[in-house]
Amino acid sequence: MSENTLGLHYTDAPGHRVVAAALRAAYAWSVRDVQRNSAMLEIARMTGVVMEAHGPGKGPVTPAELVDRLRLPLRGLLAGVREQRAELDDVVLLDDEGRLTENAYDLVCEHVVPLKDAAGAQSWLPTWTTMHSDQIRQRVFTAMITSTKQDEYVASRRFLIEHPAGGEQELVELRDRVGGVRLAKGGYRAIPEDQVYRGLDAQGWWWPCLECKWPMAVTSTGKVRCRYRPHSAVFDLVPGTRPTLRRRDSARRVSPPAGKAVEGAKCVDAGVWRFVVVPGASELRIAAAAERAGAKVLLWPFRDRFDLLVEAGDEKFSVDVKECLSLSSLIERLRTRPPSARVLLPKSCEWQLETLRDALPGLAVTTETKFLGQVRTAVRKAR
Ligand SMILES: [Zn+2]
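Residues numbered from 1 in each chain as written. Predicted model: local features only at pLDDT ≥ 70, side-chain atom pairs only at ≥ 80, totals over all residues. Heavy atoms only, no water.

- With an unreviewed UniProt entry as reference, the protein is termed REase associating with pPIWI RE domain-containing protein, source organism Saccharothrix espanaensis.

Here it is in structure tokens:
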């Protein structure tokens, strides 16, 4: 265990360090065309971290060898340094074209620990490759808590979750309309190019995910999809002067989002999206469903002691929504920092229920489906 500047705890075992170093090296490789010198230096530095974790004579010994290993399942890099990282065994970080895989964004990022001694001031590295998810969250929420007013805190957090991207002017107007919104400086930035489609006229377009509203990733083959795979809608791009999307799987009849011009548009950084907006979208969805059922809901009460306080009929329920795709990271976190309310697994994580119960027998835990059923019953009983 080690302690960072924010006073949060995280484990800093060799397995964690190897995963964090591999992700940083993979990210650096994926942007080497734009960040030539810094990227190659970073890969060399991360080779050192991996070598140190493996011990002399084992594992990759040159940056080129490390990059080769990033195109293979992580099992290889983790052999000999593993501490229950089995869920990463088959995960590959770089695809054939040297870009980060979807797994890097939605699963591996949950394993990141800061590499203190090797970190330096690498401001070009995104926060989700260098910081623990708790640190990213803490940084965002600290800016909101400067006011002691609970309603301003709720308004600020809600605003960020509901508007993770948009036209700069549009965002300012929305913010003024809501009032009392406090966000960290520099929270919104230009939309990354791999989340933009550029037509022959070089005009750029982006599409908000139907579930989290953050710009979806656009591949070179014209596949458009949210980086968080439980937000599962996949679209095909239909080029033109005003490009549109066509749903790839015809199973669900949801109309695709309309394209928006990238000029003047901004979005929150990937770390804030992944660790504040994605779970936040689930928190708001569950709150709205409980309200529709006739319950009263308080969001993030007592300055975020837990996520939802739900008053249904004569009963009161408090829950903490845990949206964590990595089951081993979730278990680790619940062990070191026991929750102050019943844990609620949102739809995308309901499959974790049994394993979580087995791993932590004393833990109070429910799922989105079960919880909303309980709320409806409580409302009905009181009528
Ligand atoms: Zn999404």
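Here the narrative resumes, following the displayed structure.
1. What to know about the overall build of the protein
Part 1 of the argument: A count of helical and extended segments in the protein gives 15 helices and 17 strands.
Part 2 of the argument: Here the C-alpha radius of gyration of the protein, 22 Å, is about what a compact globule of 383 residues would show, namely 21 Å.
Part 3 of the argument: Taken along its principal axes, the extent of the C-alpha atoms in the protein is 70 × 55 × 45 Å.
Part 4 of the argument: A separation threshold of at least 6 residues defines the contact pool for the protein, and within that pool the share at least 24 residues apart is 58%.
Part 5 of the argument: Entry remark: accessible area of the protein is about 18100 Å², with carbon and sulfur atoms responsible for 51%. (Helix = DSSP H or I, 4+ residues; strand = E, 2+ residues; numbered from the N terminus. Rg over C-alpha atoms; globule rule 2.2 N^0.38 Å. Contact = heavy atoms within 4.5 Å. Areas by Shrake-Rupley, 256 points an atom, 1.4 Å probe, with all protein chains shown as cover.)

2. Re the nonpolar core
Part 1 of the argument: One finds W128, L356 and V375 to be the most contacted residues of the largest nonpolar core, which totals 121 residues.
Part 2 of the argument: When residues in this core are grouped by element, the largest group, 12 residues, is from helix α11 (residues 270-292).
Part 3 of the argument: When neighbours within four sequence positions are excluded, V375 is seen to be in contact with A290, A293, A295, V310, A312 and F317. (Core = buried A, V, L, I, M, F, W, Y, C linked by side-chain atoms within 4.5 Å. Buried < 20%, exposed > 50% of the residue type's maximum accessible area, 1.4 Å probe, protein only.)

3. Remarks on the sheet that holds strand β15 (residues 315-321)
Backbone hydrogen bonds hold the strands of a sheet together, and the pairing may be parallel or antiparallel.
Part 1 of the argument: The strand order β13-β14-β15-β16-β17 describes an open sheet built from five strands, whose pairing is mixed. Pairing within the sheet leaves two strands with one partner each, and these edge strands are β13 (296-299) and β17 (365-367). Each adjacent strand pair in this sheet contributes to an overall mean axis angle of 30°, direction not counted.
Part 2 of the argument: Where β15 lies against strand β16 (residues 342-345), three bridges are found, and the strand directions are parallel. Each bridged residue has a counterpart across the sheet, and for D320 the counterpart in β16 is V343.
Part 3 of the argument: Strands in contact with helix α15 (residues 368-382) are β14 (308-312), β15, β16 and β17; relative to β15, the strand with the most contacts, it is inclined by about 165°. (Pairing = 2+ DSSP bridges. Axes fitted to C-alpha atoms, helices over the stretch in contact; angles between N-to-C directions.)

4. Here's the deal with helix α8 (residues 133-144)
Part 1 of the argument: The terminal C-alpha atoms of α8, which comprises 12 residues, lie 17 Å apart, in line with the 16 Å expected from a rise of 1.5 Å per residue.
Part 2 of the argument: Residues of α8 that are buried: S133, D134, Q135, I136, R137, V140, F141 and M144.
Part 3 of the argument: Tucked into the core, α8 has its buried residues touching α7 (127-130), α9 (150-162), α11, α12 (301-304) and α13 (327-336). (Expected span 1.5 Å × (residues − 1).)

5. Considerations on the confidence of the model for the protein
Part 1 of the argument: Chain-level statistics for the protein give a pLDDT mean of 90 and a share of 93% at 70 or above.
Part 2 of the argument: Low confidence marks residues 1-9, where pLDDT is under 50. Its contacts with residues over four positions away, or in another chain, come to 20 contacts. (pLDDT = per-residue confidence, 0-100.)

6. Observations regarding the coordination of the zinc ion
Where a metal carries four tetrahedral donors, each ideal angle is 109.5 degrees; where it carries six octahedral donors, the ideal angles are 90 or 180 degrees.
Part 1 of the argument: Within the protein, the atoms that donate to the zinc ion are C209 (SG), C212 (SG), C226 (SG) and H231 (ND1), at distances of 2.2 to 2.4 Å.
Part 2 of the argument: Each of the four donor atoms around the zinc ion contributes to a set of angles spanning 105 to 112°, which defines the coordination as tetrahedral. (Donors = N, O, S within 2.8 Å, 3.2 Å for Na, K, Ca; no water. Tetrahedral: all angles 85-135°; square planar, octahedral: opposite > 155°, others 65-115°.)

7. A look at the UniProt feature "domain: REase associating with pPIWI RE" (unreviewed entry) in the protein
Part 1 of the argument: According to UniProt, the feature "domain: REase associating with pPIWI RE" (unreviewed entry) maps to residues 280-383 in the numbering used here.
Part 2 of the argument: Secondary structure over residues 280-383 splits into 47% helix and 22% strand, and the C-alpha atoms at its two ends are 31 Å apart. (UniProt positions renumbered as here; feature names shortened; annotations may be inferred.)

8. Structural notes on the packing of aromatic side chains
Part 1 of the argument: Under the defined criterion, the tally for this structure stands at seven aromatic pairs.
Part 2 of the argument: Each ring, one from F141 and one from Y153, has its centre 6.3 Å from the other, and the planes form 80°; the classification is edge-to-face. On the criterion of sequence distance, the pair formed by F141 in helix α8 and Y153 in helix α9 is long-range, its members being 12 residues apart.
Part 3 of the argument: Judged by its relative accessible area of 9%, F141 is buried.
Part 4 of the argument: For Y153, a relative accessible area of 1% corresponds to the buried category.
Part 5 of the argument: When the ring of F302 is compared with that of F306, the centres are 6.1 Å apart and the planes differ by 65°; the resulting orientation is edge-to-face.
Part 6 of the argument: Take F306: its relative accessible area is 6%, and that puts it in the buried class. (Phe/Tyr/Trp six-rings, centres within 6.5 Å; stacked < 30°, edge-to-face > 60°.)

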